[in-house]
Amino acid sequence: MEQFKDILRLIRWSNVLFVGALVWLMEKWVAVPILDKAAFGEQLPWYILLLIMLATMLIAAGGYVINDYFDVKIDRINRPDEVIVTRTVTKQAAMQLSLWLSGTGIVCGLLAAWWLRSLSLGIVFVIVPGLLWFYSSSYKRLLFIGNLTIALLAALTPMMIAMSNVAVLELRYGIILPYTTLVHDLYAWLGGFALFAFLLTWIREIVKDMQDQMGDRELECHSMPVVWGETWTKVFVTALILLTFAVIGHLWYHILPFPISWTSLSTRYIVLGVVTPLSGALWLLWAAKIPSDYKTCQQVIKFTMFLGMLYSIVIVRGL
């Protein structure tokens with residue numbers, strides 16, 4: 001029983017469930033309303049959506065396991081009480097578990113891509129596990145490369161829903177001019193969520209590096225806090241948060257189909273559900289001095305990302 005609990009912790013079950021929920025939210029609360037507005041209705045069959053959800057969840061779980069496999073030495077320094085690989089799960093078992101999870105995820109993804117006749121989607125499901133492997137083994141130890149890799153992979157999740165729905169449209173109706181606006185809307189709306197996921201994930205990964213900098217220094221990893229120092233890393237993260245605010249402001253003022261008024265649910269949600277907690281994370285960042293402070297900060301950023309994705313339920317009223 002104890003080992004089973006450790007395996008659940010190893011695959012980061014809560015994060016994996018969030019990935020699956022994100023796929024579902026992007027399909028049901030963003031893509032489907034856009035299709036309904038264009039009088040098409042839901043296009044993606046439930047079993048294809050299920051395959052895509054399983055693929056992303058399994059590949060994510062495999063990525064978490066392989067990350068812990070390669071990070072045993074660093075984790076023994078940064079969080080010795082939380083080490084699972086080599087304590088209750090052997091390195092061989094961890095490697096086998098990662099390969100099984102990632103392999104099953106690839107199969108699910110390729111089945112969905114085959115049904116949709118989408119080569120690009122199939123390539124995504126093959127490349128992502130490879131990137132997670134190289135990230136864990138080497139990329140994460142390089143300045144910028146590791147953080148950007150994870151941020152880009154996070155942004156791919158909403159975009160896969162856009163790719164899948166466009167593939168269904170092309171398969172059923174062909175590529176003809178009247179559908180170009182619909183395709184644009186799918187990519188534009190889901191691309192907005194992808195950009196938000198990219199920025200918040202990038203910010204969180206850098207803050208996580210600040211939390212883990214002790215072990216990174218010991219093993220000569222070239223993370224931003226190790227190379228630049230804490231102060232300049234905080235300046236960089238602050239710039240990213242301000243950029244996020246600027247992007248939200250631009251979308252809010254120029255794109256979103258809602259009035260900028262406190263009586264608007266959209267306005268209240270953006271201010272209270274995204275801007276306020278992210279501002280709190282910025283304050284926590286500059287107040288942080290020890291690893292536990294950075295952990296609290298990155299957890300607030302993670303929660304903000306979750307709330308930001310739930311905004312999909314709000315925007316459906318304006319589509």
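Residues numbered from 1 in each chain as written. Predicted model: local features only at pLDDT ≥ 70, side-chain atom pairs only at ≥ 80, totals over all residues. Heavy atoms only, no water.

## Quick notes on the layout of surface pockets
In this structure, the second largest pocket encloses a volume near 440 Å³. Lining the second largest pocket are 21 residues, with Gly192, Phe193, Leu251, Leu256 and Tyr311 sitting closest to its centre. Listing elements by their share of the lining of the second largest pocket, those giving two or more residues are helix H8 (180-211), helix H11 (230-255), helix H12 (265-287) and helix H13 (291-315). Sort the elements by how many residues they give to the lining of the second largest pocket and H8 lands first, with nine residues. Looking at the lining of the second largest pocket, its residues break down into 16 nonpolar, four polar and one charged. (1 Å grid on protein atoms, 1.4 Å probe; cavity = no way out; pocket = protein on both sides within 12 Å on 5 of 7 lines; lining within 4 Å. Points joined across faces, edges and corners; volume = space filled by probe spheres on them. Helix = DSSP H or I, 4+ residues; strand = E, 2+ residues; numbered from the N terminus. Nonpolar A, V, L, I, M, F, W, Y, C, P; charged D, E, K, R; others polar.)

## With respect to the side chain of Gln43
Position of Gln43 among the secondary structure elements: in the loop between helix H2 (13-37) and helix H3 (46-70). Residue classification places Gln43 among the buried residues on the basis of a relative accessible area of 3%. A polar side-chain atom of Gln43 sits 3.2 Å from the main-chain carbonyl oxygen of Phe40. Residues within four places of Gln43 in sequence aside, it is in contact with Leu35, Asn165, Val168, Leu169, Arg172 and Tyr173. (Buried < 20%, exposed > 50% of the residue type's maximum accessible area, 1.4 Å probe, protein only. Polar contact = N/O pair within 3.5 Å; in protein donor to acceptor, adjacent residues only side chain to side chain. Contact = heavy atoms within 4.5 Å.)

## A short note on the environment of Ile77
Tracing the chain through its elements places Ile77 in helix H4 (residues 72-78). Looking at Ile77, the relative accessible area reads 32%, which means it is partly exposed. If sequence neighbours within four positions are ignored, Ile77 has contacts with Met214, Gly215 and Glu218.

## Some remarks on helix H5 (residues 91-116)
Between its terminal C-alpha atoms H5 stretches 37 Å, which fits the 38 Å expected from 26 residues at 1.5 Å a residue. At the C-terminal side of H5, Arg117 shows a positive phi close to 55°. (Expected span 1.5 Å × (residues − 1).)

## Remarks on the packing of aromatic side chains
Under the definition given, this model contains 14 aromatic pairs. Seen from their ring centres, Tyr47 and Trp115 are 6.0 Å apart, and the 90° between their planes marks the pair as edge-to-face. Here the residue Tyr47 occupies a position in helix H3, and Trp115 occupies one in helix H5, the gap between them amounting to 68 residues. Of the residues examined, Trp115 reaches a relative accessible area of 24% and is grouped as partly exposed. Ring pairing ties together the aromatic residues Phe144, Phe198, Trp202, Trp228 and Phe236, which thus form one cluster. Stacked on the ring of Trp114, the Lys or Arg Arg117 has its end atom at 4.9 Å from the ring centre. (Phe/Tyr/Trp six-rings, centres within 6.5 Å; stacked < 30°, edge-to-face > 60°. Lys NZ or Arg CZ within 6 Å of the ring centre and 35° of its normal.)

## Quick word on the packing of H2 against helix H7 (residues 145-173)
Relative to each other, H2 and H7 sit at 45°, their axes nearing to 9 Å. Here H2 lies oblique to H7, going by the angle between them. Crossing of H2 over H7 shows right-handed handedness. Here Leu22, Val23, Met26, Glu27, Ala31 and Leu35 of H2 come into contact with H7, specifically with Thr157, Pro158, Ile161, Asn165 and Leu169. Class assignment of the residues belonging to the contact of H2 with H7 gives a composition of eight nonpolar, two polar and one charged. (Axes fitted to C-alpha atoms, helices over the stretch in contact; angles between N-to-C directions. Parallel < 35°, antiparallel > 145°, perpendicular 65-115°, else oblique. Left-handed = near helix turned anticlockwise from the far one by under 90°.)

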